[in-house]
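# Fold and contact review
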Amino acid sequence: MDLLNTLVDKGLRRELPTREEALAVLATSDDDLLDVVAAAGKVRRQWFGRRVKLNYLVNLKSGLCPEDCSYCSQRLGSQAGILKYTWLKPDEASKAAAAGVAGGAKRVCLVASGRGPTDRDVDRVTKTIEAIKEQNEGVEVCACLGLLSDGQADRLRSAGADAYNHNLNTSEETYGAITTTHTYADRVETVQQAQAAGLSACSGLIAGMGESDKDLVDVVFALRDLDPDSVPVNFLIPFEGTPLAKEWNLTPQRCLRILAMVRFVCPDVEVRLAGGREVHLRSMQPLALHLVNSIFLGDYLTSEGQAGQTDLDMIADAGFEVEGQGTTTLPRHRADALSGGGCGSQAAAPDAAGATGCGSHGGGGGCGSHEASGGGCGPCGGHGEPQPATAADAGQSVPAGAARTDLVAVRRRGAGTDLAPNA
């Protein structure tokens, strides 16, 4: 297919596709799906080999968010039966983080619900970062606390944070229909503040909220312009008790096309498979590893993921390997730019080392962080109550394209509970 050959050539050169080419990827048929995955896989392997970076979420403060993000189970007015608790103490958060690191996670993502942190909240998080770094040598820490005020990104960086996550989530044109308590421009500004402070920027999207193909392409091109080092791709979990509870719009094939499009537009960026992968990709998750180079290990903020050991087995069975702490995630040209206090995927052409995804970086980490959420949330998820039995439970086949609501489970273990985490 001429389109795919063109996109592979552009991806290997870090050349931006046209919007028409990106839209064409989303419009490909299921018959062409494996060709699309194979083509995007060539670009992924050029810059990241067969490495998969593992990330682990710690929900520092759950629920009761004043923002009205329609997709989020922690939003204002949410009726989802999620865990609700105030700030974890530094030692509690460090203990939770250690479980993820022991399971193979290279980065710990610290998330707190809310519009944005107060200066006192930043003090809390800096103590938590220090505790985690003291107990886990070499681990990267990403913070996701919502909209930042002046100077807060610098304080997080000084405390040892490597990265900051704040997602754009959807296109600027449709953002107001999803959230009214803050603006798309607010989100862009926070990502830019993180970059200015020397933090590795992480910013991504949520697919499946009823958006058009044009909206998806618009937000991914906006992310390319913003130039984060990590782009998490979330697939909406339609939480009961939220306005988007009935938005079951995704199939595994649709998810793979979206991931391929993101890889073509952001060839040398850490593309993170984030919230909703178990629900929407289901048994096709291993194919997604040919497109992304990063996933979350175990559970999310308010929803359960598949078992941590299952994640590790999936990676090995698909012929990939877990990225170790001694390996630099980003290709050299991006890692060098980050160590110099900035980011950039459209610098000069890579040298031979950069082309193989090697190199080293100083200072901040070179990776991304988490998923979808409200003002300061990361990946949310989960219904409040168990779902009724389905055809899948009875051993019957599920019709093509049918939603698998039986896969959605609220998190009841790990951070904020007395139960062991899933890692």
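Heads up: the structure comes first, above all this text.
The present account deals with the structure reproduced in this document.

The rules behind each value
- Residues numbered from 1 in each chain as written.
- Predicted model: local features only at pLDDT ≥ 70, side-chain atom pairs only at ≥ 80, totals over all residues.
- Heavy atoms only, no water.
- Axes fitted to C-alpha atoms, helices over the stretch in contact; angles between N-to-C directions.
- Helix = DSSP H or I, 4+ residues; strand = E, 2+ residues; numbered from the N terminus.
- Parallel < 35°, antiparallel > 145°, perpendicular 65-115°, else oblique.
- Left-handed = near helix turned anticlockwise from the far one by under 90°.
- Contact = heavy atoms within 4.5 Å.
- Buried < 20%, exposed > 50% of the residue type's maximum accessible area, 1.4 Å probe, protein only.
- Polar contact = N/O pair within 3.5 Å; in protein donor to acceptor, adjacent residues only side chain to side chain.
- Nonpolar A, V, L, I, M, F, W, Y, C, P; charged D, E, K, R; others polar.
- Arc of directions from axis to C-beta.
- Right-handed = clockwise from strand over helix to strand, strands pointing away.
- Pairing = 2+ DSSP bridges.
- Core = buried A, V, L, I, M, F, W, Y, C linked by side-chain atoms within 4.5 Å.
- Salt bridge = Lys/Arg side-chain N within 4 Å of Asp/Glu carboxyl O.
- Expected span 1.5 Å × (residues − 1).
- Phe/Tyr/Trp six-rings, centres within 6.5 Å; stacked < 30°, edge-to-face > 60°.
- Lys NZ or Arg CZ within 6 Å of the ring centre and 35° of its normal.

## Some points on the packing of helix 1 (residues 2–12) against helix 2 (residues 19–26)
The description of two helices packed together rests on the angle between their axes and the distance between the axes. Axis separation between helix 1 and helix 2 bottoms out at 11 Å; the angle between their running directions is 125°. On the basis of their axis angle, the class for helix 1 and helix 2 is oblique. The element helix 1 and its partner helix 2 pack so that their crossing is left-handed. For the pair helix 1 and helix 2, the contacting residues are Leu3, Thr6, Leu7 and Lys10 in the first and Glu21, Ala24 and Val25 in the second.

## Some remarks on the side chain of Ser294
Within the fold, Ser294 resides in strand 9 (residues 294–296). Of the residues examined, Ser294 reaches a relative accessible area of 0% and is grouped as buried. Looking at Ser294, its side chain comes within polar contact range of the side chain of Glu270, at 2.6 Å. For Ser294, the residues in contact, after removing those within four places along its chain, are Val52, Lys53, Asn55, Glu270, Val271, Arg272 and Leu273.

## Some details on the packing of helix 3 (residues 33–48) against helix 10 (residues 252–265)
Relative orientation of the contacting elements helix 3 and helix 10 amounts to 40°, with a least axis distance of 9 Å. What the angle tells us is that helix 3 and helix 10 run oblique. Read as a crossing pair, helix 3 and helix 10 show a hand that is left-handed. Each of Leu33, Val36, Ala39, Ala40, Val43, Arg44 and Phe48 in helix 3 lies in contact with helix 10, whose residues at this interface are Gln253, Leu256, Arg257, Ala260, Arg263 and Phe264. In terms of residue class, the contact of helix 3 with helix 10 is made up of 9 nonpolar, 1 polar and 3 charged.

## A short note on helix 1
Side chains that are three or four residues apart share a direction in an α-helix, a result of its 3.6 residues per turn. Listed as buried for helix 1 are Leu3, Leu4, Leu7, Val8, Lys10 and Gly11. Within helix 1, the buried residues cover an arc of 165° as seen down the axis, which keeps them to one side. In this fold, the buried residues of helix 1 make contact with helix 2, helix 3 and helix 10. At the exit of helix 1 stands Arg14, carrying a positive phi of roughly 60°.

## Looking at the pairing of strand 3 (residues 140–144)
In terms of residue burial, strand 3 counts as a mostly covered element, since 5 of its 5 residues are buried. Burial of strand 3 is two-sided: the residues Glu140, Cys142 and Cys144 facing one way and the residues Val141 and Ala143 facing the other way are all buried. Handedness of the crossover is the feature at issue here: the chain leaves strand 2 (residues 107–112), passes through helix 5 (residues 119–135), returns alongside strand 3, and the resulting connection is right-handed. Summarising the sheet, strand 3 and strand 4 (residues 163–165) pair through 2 bridges and their orientation is parallel. Along strand 4, the bridge assignment pairs Cys142 with Ala163. Handedness of the crossover is the feature at issue here: the chain leaves strand 3, passes through helix 6 (residues 152–158), returns alongside strand 4, and the resulting connection is right-handed.

## Regarding the nonpolar core
In terms of nonpolar packing, the biggest core is built from 59 residues, with Leu205, Phe235, Ile258, Leu259, Met261, Phe264 and Ile295 touching the most fellow members. Here Ile258 is in contact with Leu26, Ala207, Leu216, Val233, Phe235 and Leu250, once residues within four sequence places are set aside. Of all hydrophobic cores here, the second largest spans 32 residues; its members include Ala96, Val125, Leu148 and Ala197.

## Quick notes on the pattern of salt bridges
Tallied over the full model, the rule gives 21 salt bridges. Close ionic contact of Arg257 with Asp30 constitutes a salt bridge, the shortest N to O distance being 2.8 Å. Pair noted here: Arg257 is in helix 10 and Asp30 is in the loop between helix 2 and helix 3, with a separation of 227 residues, a long-range link. Between Arg51 and Glu323 there is a salt bridge, with the nearest N and O atoms lying 2.6 Å from each other. With a gap of 272 residues between them, Arg51 in strand 1 (residues 51–61) and Glu323 in the loop between strand 10 (321–322) and helix 14 (332–339) connect regions that are remote in the sequence. A residue is classified by how much of its surface remains accessible, and Arg51, at 11% relative accessible area, is buried. The buried category is assigned to Glu323, whose relative accessible area is 3%. The structure contains a network of salt bridges with shared partners spanning Arg19, Glu173, Lys214 and Asp218.

## Focus on helix 8 (residues 184–196)
Across its 13 residues, helix 8 extends 19 Å between first and last C-alpha, which sits within 8% of the 18 Å expected from 1.5 Å per residue. Packing partners of the buried residues in helix 8 comprise helix 6, strand 4, helix 7 (175–178), strand 5 (200–202) and helix 9 (213–226).

## A few points about the packing of aromatic side chains
Scanning the model with the defined rule gives 1 aromatic pair in all. Above the plane of the ring of Phe320 lies Arg50, whose end atom (NZ or CZ) is 4.4 Å from the centre.

## Quick look at the pairing of strand 7 (residues 230–235)
A large share of strand 7 lies buried, amounting to 6 of its 6 residues. By the alternation rule, side chains of strand 7 split into Ser230, Pro232 and Asn234 and Val231, Val233 and Phe235, which are all buried. This β-α-β element, strand 6 (residues 205–207) to helix 9 to strand 7, shows right-handed connectivity. Pairing between strand 7 and strand 8 (residues 270–273): 4 bridges, direction parallel. Within the sheet, the bridge partner assigned to Ser230 lies in strand 8 and is Glu270. In terms of handedness, the path from strand 7 via helix 10 over to strand 8 forms a crossover that is right-handed.

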